[in-house]
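Chain residues, written in single-letter form:
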Amino acid sequence: MTSDLHCSVLPFLLLPLLPPLPLVHADSCPAVCLCVSDTVSCSSRGLTRLPVNLPPVSVTLDLGYNRLWSLGPGGFTLMPRLETLQLGHNQLRALGPGVFFNTSGLRHLDLSSNRLQVVEKHYFQELWRLEELLLFNNRITQVEGGALGGLPWLKKAYFSLNLLTHFPFFSIKEQSHPSLTTLDLSSNRLGRLPWEQVDVLPTALQRGLYLHNNSLVCDCSLYRTFHRWEVRGYDSVKDFEEELTCSIFGNRRASVRFLLHGRFFHNCSVERGVSGPVSVLLPSVVVPHGDRVRLDCQTSLSGRSSSHLWFTWLSPSRGALTPSSVRGSVLRLSPDGTLDIPAVRLEDSGTYVCTAVDHRLALNATRRVEVTVLPPAGESFSTGYTTLVGCVVTVGLILIYLYLTPCHCGHPGAAAAPAPTCDPEGTAPDKTAHRGHGGHGGHGGQCSQED
């Protein structure tokens, strides 16, 4: 009986010594595909429909460069571990309901270079973990309002090289898309945009909002928005100044590079607080007395949802500023940490320190900016004039002292200096008689034998 017990236990003891089974078995890999570990490649096979018996443990599936024109519902249902799906360079015209059922773990979805025309609300409803969405180089003319809803982890979305004339900016909020930092809408047909919606987008998204190579119409709202982005050094503007054009009166032939030729917008009112270096991203701020200035609290925590952050400012003249302390005053402290001073005073000059605190994760970060308030024009002239007059008077007094002080040396009426005398006993000469002559010539302070 003891030997039987050993025989029954032995296989279990040997299990850790056996080599691991492959994640994808050869007999479960479609003949037209190449399966290695948890990656399946079926690209460039001329496929017109999905292969059958795709390995259910696949993490990466490449179906690019085929002739797929339709995806039926539940085509990837048996692949719950799928994280990367590449469907670029096919002929897809639309996505039916339930295409991505049971693939909620998908993080990277490539639908570029297809023939999609409308991005409908239901396309990505199941993909709540999606981080990167590639839809460039399609024929998309419309993105429905809720198409990107339910994607809280979305970081990058690419819609360039399409036929878009408008985009639902209103559907993107910091609460619904806290991680979205890149939205590429370049090379479309966007004309007049709702700038009031663009201006309230999360700051992190405005940095990565690409709008070059479009049909933008020149107006003051467009110029103000892009001018602010340029001052703050956003890459979406800094890297594409040549491609940022707008058409005058909607005439595409009369287009200008509006950031390089700002003279066309001289009649547009640009806030002084925006036209100057008022962003906290810069180390210092210079602003005229009485102008408006907005200081942004951009820290390492700025990419997080502002609902979890608490902002405080320490100012040189007003002390600590919190949402409760500025209530009822002219100052404004926005939920995103922006400090708005409608009219700065001379005493507002100094170092401002913003602190962002995430109580949920017990994290904090600070940002400093040096604010210099220039005095009013009249006061600066008066001070400068007074300083100039003082300098002139001082120089004049010095010149009078140096050149106009009375001196009797060598005057015709003055008595001649007594001749030097020598001590007949050979003692030292009288130093008083030689004052002013010692050290000149070889005989200073000495008597000759002839004397």
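Residues numbered from 1 in each chain as written. Predicted model: local features only at pLDDT ≥ 70, side-chain atom pairs only at ≥ 80, totals over all residues. Heavy atoms only, no water.

*Asks:* Describe the sheet that holds strand S18 (residues 332-333), listing the residues and the values that go with them.
*Replies:* Taken in spatial order, the three strands line up as S15-S19-S18 in an open sheet, and their pairing is antiparallel. The strands lining the two open edges of the sheet, one partner per strand, are strand S15 (293-295) and S18. Sheet topology places S18 next to strand S19 (residues 339-341); two bridges connect them, and they run antiparallel. Paired with Leu 333 across the strands is Leu 339, a residue of S19. (Pairing = 2+ DSSP bridges. Helix = DSSP H or I, 4+ residues; strand = E, 2+ residues; numbered from the N terminus.)

*Asks:* Lay out the pairing of strand S16 (residues 309-315) with the relevant residues and their values.
*Replies:* The side chains of a regular strand alternate between both faces of the sheet. On S16, burial follows the alternation: Leu 309, Phe 311, Trp 313 and Ser 315 on one face are buried, whereas Trp 310, Thr 312 and Leu 314 on the facing-out side are not. Bridge count between S16 and strand S20 (residues 350-358): six bridges; the pairing is antiparallel. Bridge pairing links Trp 313 to Cys 354 in S20. Judged from the three bridges that link them, S16 and strand S17 (residues 319-321) form a sheet pairing that is antiparallel. Within S17, the residue paired with Leu 314 across the bridge is Ala 320. The antiparallel hairpin formed by S16 and S17 contains three residues in its connecting segment. (Buried < 20%, exposed > 50% of the residue type's maximum accessible area, 1.4 Å probe, protein only.)

*Asks:* Just give me the short version of the pattern of salt bridges, but keep the residues and values in it.
*Replies:* Any two side chains of opposite charge can pair, given that their charged atoms come close. Applying the stated criterion across every chain, the model contains eleven salt bridges. Here Asp 219 and Arg 192 are joined by a salt bridge, their closest N and O atoms 3.5 Å apart. You can see Asp 219 sitting in the loop between strand S11 (209-210) and helix H4 (220-231) and its partner Arg 192 sitting in the loop between strand S10 (182-184) and helix H2 (195-198), a full 27 residues away along the chain. Two residues, Arg 232 and Asp 296, come together in a salt bridge whose shortest N-O distance is 2.7 Å. (Salt bridge = Lys/Arg side-chain N within 4 Å of Asp/Glu carboxyl O.)

*Asks:* Account for the side chain of Asn 66, with residues named and values stated.
*Replies:* Here Asn 66 is to be found in the loop between strand S3 (60-62) and strand S4 (84-86). Looking at Asn 66, its side chain comes within polar contact range of the main-chain nitrogen of Leu 47, at 3.0 Å. Beyond its immediate sequence surroundings of up to four residues, Asn 66 is in contact with Cys 42, Ser 43, Ser 44, Arg 45, Gly 46, Leu 47, His 89 and Asn 90. (Polar contact = N/O pair within 3.5 Å; in protein donor to acceptor, adjacent residues only side chain to side chain. Contact = heavy atoms within 4.5 Å.)

*Asks:* Run through the sheet that holds strand S5 (residues 108-110), naming residues and quoting values.
*Replies:* In spatial order, the strands read S1-S2-S3-S4-S5-S7-S9-S10-S11; together these nine strands make up an open sheet with mixed pairing. This sheet does not close on itself; its edge strands, each paired only once, are strand S1 (34-36) and S11. Note: S5 against strand S7 (residues 132-134), three bridges, orientation parallel. The partner of Asp 110 across the bridge, within S7, is Leu 134.

*Asks:* Describe the nonpolar core, with residues and values.
*Replies:* Inside soluble globular proteins, nonpolar side chains tend to come together where they are buried. Counting residues in hydrophobic clusters, the biggest one holds 69 residues, and the most contacted among them are Phe 76, Phe 124, Phe 159 and Phe 226. Those elements that place two or more of their residues in this core are H2 and H4. Among the elements that take part in this core, H4 stands out by supplying four residues, more than any other. Setting aside anything within four residues of it in sequence, one finds Phe 226 in contact with Trp 195, Leu 211, Leu 216, Val 237, Leu 244, Phe 258 and Leu 259. (Core = buried A, V, L, I, M, F, W, Y, C linked by side-chain atoms within 4.5 Å.)

*Asks:* With reference to specific residues and values, describe the state of the cysteines.
*Replies:* This model, assessed by the stated rule, comprises four disulfides. Linked covalently through their sulfurs, Cys 29 and Cys 35 form a disulfide whose S-S length is 1.9 Å. The chirality of the disulfide connecting Cys 29 with Cys 35 is right-handed, given an S-S dihedral of about 85 degrees. Owing to a relative accessible area of 22%, Cys 35 belongs among the partly exposed residues under this scheme. Here Cys 33 engages in a disulfide with Cys 42; their sulfurs sit 1.9 Å apart. Between Cys 33 and Cys 42, the S-S torsion sits near 105 degrees, and that sign places the bridge as right-handed. (Disulfide = S-S within 2.5 Å.)

*Asks:* Give a detailed account of H4, specifying residues and quantitative values.
*Replies:* Taking 1.5 Å as the rise per residue, H4 with twelve residues should run 16 Å; its terminal C-alpha atoms sit 16 Å apart, in good agreement. Listed as buried for H4 are Leu 222, Tyr 223, Thr 225, Phe 226, His 227, Arg 228 and Trp 229. With a side-chain oxygen lying 3.3 Å from the backbone nitrogen of Ser 221, the N-terminal cap of H4 falls on Asp 219. The positive-phi residue at the C-terminal boundary of H4 is Gly 233, with phi of around 75 degrees. (Expected span 1.5 Å × (residues − 1).)

*Asks:* Give me the packing of aromatic side chains: which residues, what numbers.
*Replies:* The tally for this structure, following the rule as stated, stands at nine aromatic pairs. Seen in terms of ring centroids, Trp 229 and Tyr 234 are 6.3 Å apart; in terms of plane orientation they differ by 35 degrees. Their pairing is tilted. Here Trp 229 falls in the buried class, since its relative accessible area comes to 0%. Put simply, the rings of Trp 195, Phe 226, Trp 229, Tyr 234 and Phe 258 pair up and form one aromatic cluster. (Phe/Tyr/Trp six-rings, centres within 6.5 Å; stacked < 30°, edge-to-face > 60°.)

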